[in-house]
Amino acid sequence: VDRSTIADIVRRMQAKGLVKRKRLKTDARVYAVSLTEKSKKILTRAAPAAKRADEQLLAPLSDQERARLLKYLAMITNVDPADG
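Here's what I pulled together on the structure shown here. The model shown is predicted, which means the values in this text are computed figures rather than measured ones.

## A short note on the pattern of salt bridges
Here comes step 1: What the rule picks out here adds up to four salt bridges.
Here comes step 2: Between Glu 37 and Lys 40 there is a salt bridge, and its shortest N-O distance comes to 3.6 Å. With Glu 37 and Lys 40 both in helix H2 (residues 37-58) and three residues apart, this pair spans about one turn of that helix.
Here comes step 3: Here Lys 51 makes a salt bridge to Glu 55, at a shortest N to O gap of 3.3 Å. You can see Lys 51 and its partner Glu 55 sitting in helix H2, four residues apart, about one turn around the helix.
Here comes step 4: Exposure remark for Lys 51: the relative accessible area of 53% places this residue in the exposed category.
Here comes step 5: Taking the relative accessible area as the measure of exposure, Glu 55 reaches 41% and is therefore partly exposed.

## Thoughts on a nonpolar patch on the surface
Here comes step 1: A cluster of nonpolar side chains, Leu 69, Leu 70, Tyr 72, Leu 73, Met 75 and Ile 76, forms an exposed patch at the surface whose accessible area comes to about 600 Å².
Here comes step 2: Along the chain, Leu 69 turns up in helix H3 (residues 63-77).
Here comes step 3: Since its relative accessible area comes to 32%, Leu 69 is described here as partly exposed.

Definitions and limits used
- Residues numbered from 1 in each chain as written.
- Predicted model: local features only at pLDDT ≥ 70, side-chain atom pairs only at ≥ 80, totals over all residues.
- Heavy atoms only, no water.
- Salt bridge = Lys/Arg side-chain N within 4 Å of Asp/Glu carboxyl O.
- Helix = DSSP H or I, 4+ residues; strand = E, 2+ residues; numbered from the N terminus.
- Buried < 20%, exposed > 50% of the residue type's maximum accessible area, 1.4 Å probe, protein only.
- Patch = residues over 30% accessible without salt bridge, like charges linked within 9 Å, V, L, I, M, F, W, Y side chains within 5 Å.
- Areas by Shrake-Rupley, 256 points an atom, 1.4 Å probe, with all protein chains shown as cover.

Keep in mind these numbers describe shape, not what the thing actually does.
Structure representation (structure tokens):
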């Protein structure tokens, strides 16, 4: 996703009260973006439904296949699979 698209998404999320933006002290050109309490509550409420959807999606796979899939998805998204 390009920089202008991300900036637009963040602006819309900020307008809805889902994220906060704050300029970094070390580089005034850069914003630090963090979740608001409102968005944290939404994520907490959505977590059980997301878990059920994951379980349904991964149900046809063996434990070994699931681990491999999650490893490959983490590789292409640069996320540590141990983080969840």
